[in-house]
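Letter by letter, the chains look like this.
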Amino acid sequence: MSEELNLKELFANYIKFNNRNKKFIFLIIFIGVVSVICYQKFKKPYYETKAICMSGISEYERQEQVENLSQRTAIDLINHLQINIDNKDFVQLAKVLGVKKDVASTIKFIEAEQLYQQDMDEKYYALNKFEISLTVFDNSKISEIEKGLIYYFENNKFVKSYHNRYIQSNNNIINDVEREIELLDQIRIEGAQNNLDVSSINIVSGKEGKELSNQIVTLSHHREEIKMKQALLKPLVYVQSFANVDKKEDEIFLWSILGAIISYLLSLIVAFVKEII
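Residues numbered from 1 in each chain as written. Predicted model: local features only at pLDDT ≥ 70, side-chain atom pairs only at ≥ 80, totals over all residues. Heavy atoms only, no water.

K.L.:
What's the story with the layout of surface pockets in this structure? I'm lost.
P.N.:
Left-over empty space is what a probe sized like a water molecule reveals as it rolls over the atoms. By volume, the second largest pocket is sized at about 220 Å³. Lining the second largest pocket are 13 residues, with M54, E59, N128, K229 and L233 positioned closest to its centre. Where the lining of the second largest pocket is concerned, the elements lending two or more residues are α3 (57-60) and α9 (215-232). By residue number, the principal contributor to the lining of the second largest pocket is α9, which donates three residues. (1 Å grid on protein atoms, 1.4 Å probe; cavity = no way out; pocket = protein on both sides within 12 Å on 5 of 7 lines; lining within 4 Å. Points joined across faces, edges and corners; volume = space filled by probe spheres on them. Helix = DSSP H or I, 4+ residues; strand = E, 2+ residues; numbered from the N terminus.)

Below is the structure:
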């Protein structure tokens, strides 16, 4: 019972204290909120946008498509750029992106994250795509930064080396397949001349287990599949480019509430000290 009375008395004293100093408290809160709004209005505005990308780096490395691994190298390369941004080393950032320093200096934040999809069992599995979040001070530079990221991937020594080897390896396979097609075609011609049927041998393609009755068709299918992968699996490809945004991210409402709370607490401390003195 006594504890309840103490709490009531404490709360009553708190209300009385606020009433005695309400003008001073309202003044401090007003100054705090106005200061936050002015700061948010006059500070350098920034814009947030996103892009969906995919990369063929894991294919160059001949990695198995293990969960969370297929886009890991590309994601790490994007996130590594944040080191230069945090250190405000925009000269180096401009160099790796192949853009001017004034373009690089507009980047406030960049981050890449793996994209996931939920299956029927409510389990998440990694897609072969990732999302890049970009925050810039100048929205007119977004397209240049987008091209700069492609330049960054294509001129990275590690990626460039593996990509060149990947293309060379694929070209060697394509050449071998084309020679084999020519050889099989020659055998078929010679077989026809000698009344031999060599067109009905069944072979099974390895990827989907489909049975094909013609070796030349199978080899041609394999060759075109390699060509398609080689054409599509670039170091960095935009599935969806960065959106052009015009809305500034100022967060006035959130910071105004925070400013009001801090100002209120500060006014209580100052008012309490004034009454003691």
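Having seen the model, we can carry on.
K.L.:
I keep staring at helix α5 (residues 90-97) and nothing clicks. Help me out?
P.N.:
Turn by turn, an α-helix covers 3.6 residues, leaving residues three or four places apart pointing in a common direction. Among the residues of α5, those classed as buried are F90, L93, A94 and L97. The buried residues of α5 all sit within an arc of 100 degrees when viewed along its axis, so they share a single face. The outward face of α5, more than 90 degrees from its buried face, is lined by the exposed residues V91 and K95. Elements that come into contact with the buried residues of α5 comprise α4 (72-86), α6 (101-104), β2 (107-118) and α7 (142-154). A positive phi of about 70 degrees marks G98, the residue just after α5. (Buried < 20%, exposed > 50% of the residue type's maximum accessible area, 1.4 Å probe, protein only. Arc of directions from axis to C-beta. Contact = heavy atoms within 4.5 Å.)

K.L.:
Where do I start with the packing of helix α2 (residues 22-42) against helix α10 (residues 252-276) in this structure?
P.N.:
The geometry of a pair of packed helices is captured by two quantities: the angle between their axes and the separation between those axes. With their axes 8 Å apart at the nearest point, α2 and α10 run at an angle of 145 degrees to one another. Between α2 and α10 lies a crossing of right-handed hand. Counted together, F24, I25, I28, I29, G32, V33, V36, I37, Q40 and K41 of α2 and I252, W255, S256, G259, A260, S263, Y264, S267, L268, V270, A271 and K274 of α10 form the full contact between these two elements. Counted by class, the contact of α2 with α10 contains 14 nonpolar, six polar and two charged residues. (Axes fitted to C-alpha atoms, helices over the stretch in contact; angles between N-to-C directions. Left-handed = near helix turned anticlockwise from the far one by under 90°. Nonpolar A, V, L, I, M, F, W, Y, C, P; charged D, E, K, R; others polar.)

K.L.:
Looking at this structure, how should I read the pairing of strand β1 (residues 47-54)?
P.N.:
Regular strands place side chains that alternate from one sheet face to the opposite one. With seven bridges connecting them, β1 and strand β3 (residues 124-136) associate as antiparallel partners. Counted as the bridge partner of C53 is F130 from β3. (Pairing = 2+ DSSP bridges.)

K.L.:
Can you walk me through the pattern of salt bridges in this structure?
P.N.:
It is possible for side chains bearing opposite charge to pair when their charged atoms get close. Scanning the model with the defined rule gives four salt bridges in all. Its salt-bridge partner being E131, residue K50 comes within 3.8 Å of it at the nearest N-O pair. Of this pair, K50 sits in strand β1 while E131 sits in strand β3, and the two are 81 residues apart along the sequence. (Salt bridge = Lys/Arg side-chain N within 4 Å of Asp/Glu carboxyl O.)

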